[in-house]
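Topology and contacts: notes
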Amino acid sequence: MQNVVRSKQSLSEEELAKLKEIDWETYYRESASADLKGLSNCPDCNTILIAHDDQSELTCYHCGKKITL
């Protein structure tokens, strides 16, 4: 399990909508290191998961669901 750090700041509805509209896959692809495969989202809880090149399966650290890449 990973430690989750929660922010003490709250977002307005506008700021939250802007974050949801960001194309995280493109952002991550352009800024990630070479050994990372990319981003996936958990289908159950929508948590963003980071996959490495050597991984064929991820386990969501939030809800525990196994996801095949």
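Below is a short write-up of the structure. (Residues numbered from 1 in each chain as written. Predicted model: local features only at pLDDT ≥ 70, side-chain atom pairs only at ≥ 80, totals over all residues. Heavy atoms only, no water.)

This paragraph deals with a nonpolar patch on the surface. Taken together, Leu-11, Leu-16, Leu-19, Ile-22, Trp-24, Tyr-27 and Ile-48 make up a surface patch of nonpolar side chains, about 600 Å² in accessible area. Elements represented by at least two residues in the nonpolar patch include exactly α1 (13-21) and α2 (24-31). Its place among the elements puts Ile-48 in strand β2 (residues 48-52). Owing to a relative accessible area of 36%, Ile-48 belongs among the partly exposed residues under this scheme. (Patch = residues over 30% accessible without salt bridge, like charges linked within 9 Å, V, L, I, M, F, W, Y side chains within 5 Å. Areas by Shrake-Rupley, 256 points an atom, 1.4 Å probe, with all protein chains shown as cover. Salt bridge = Lys/Arg side-chain N within 4 Å of Asp/Glu carboxyl O. Helix = DSSP H or I, 4+ residues; strand = E, 2+ residues; numbered from the N terminus. Buried < 20%, exposed > 50% of the residue type's maximum accessible area, 1.4 Å probe, protein only.)

With that out of the way, let us pick up the pattern of salt bridges. The final tally for this structure, using the stated rule, is one salt bridge. With its nearest N and O atoms 3.9 Å apart, the salt bridge here joins Lys-65 to Asp-44. Of this pair, Lys-65 sits in the loop between β3 (57-59) and β4 (66-68) while Asp-44 sits in the loop between β1 (36-41) and β2, placing them 21 residues apart in sequence. Its relative accessible area of 56% is what places Asp-44 among the exposed residues.

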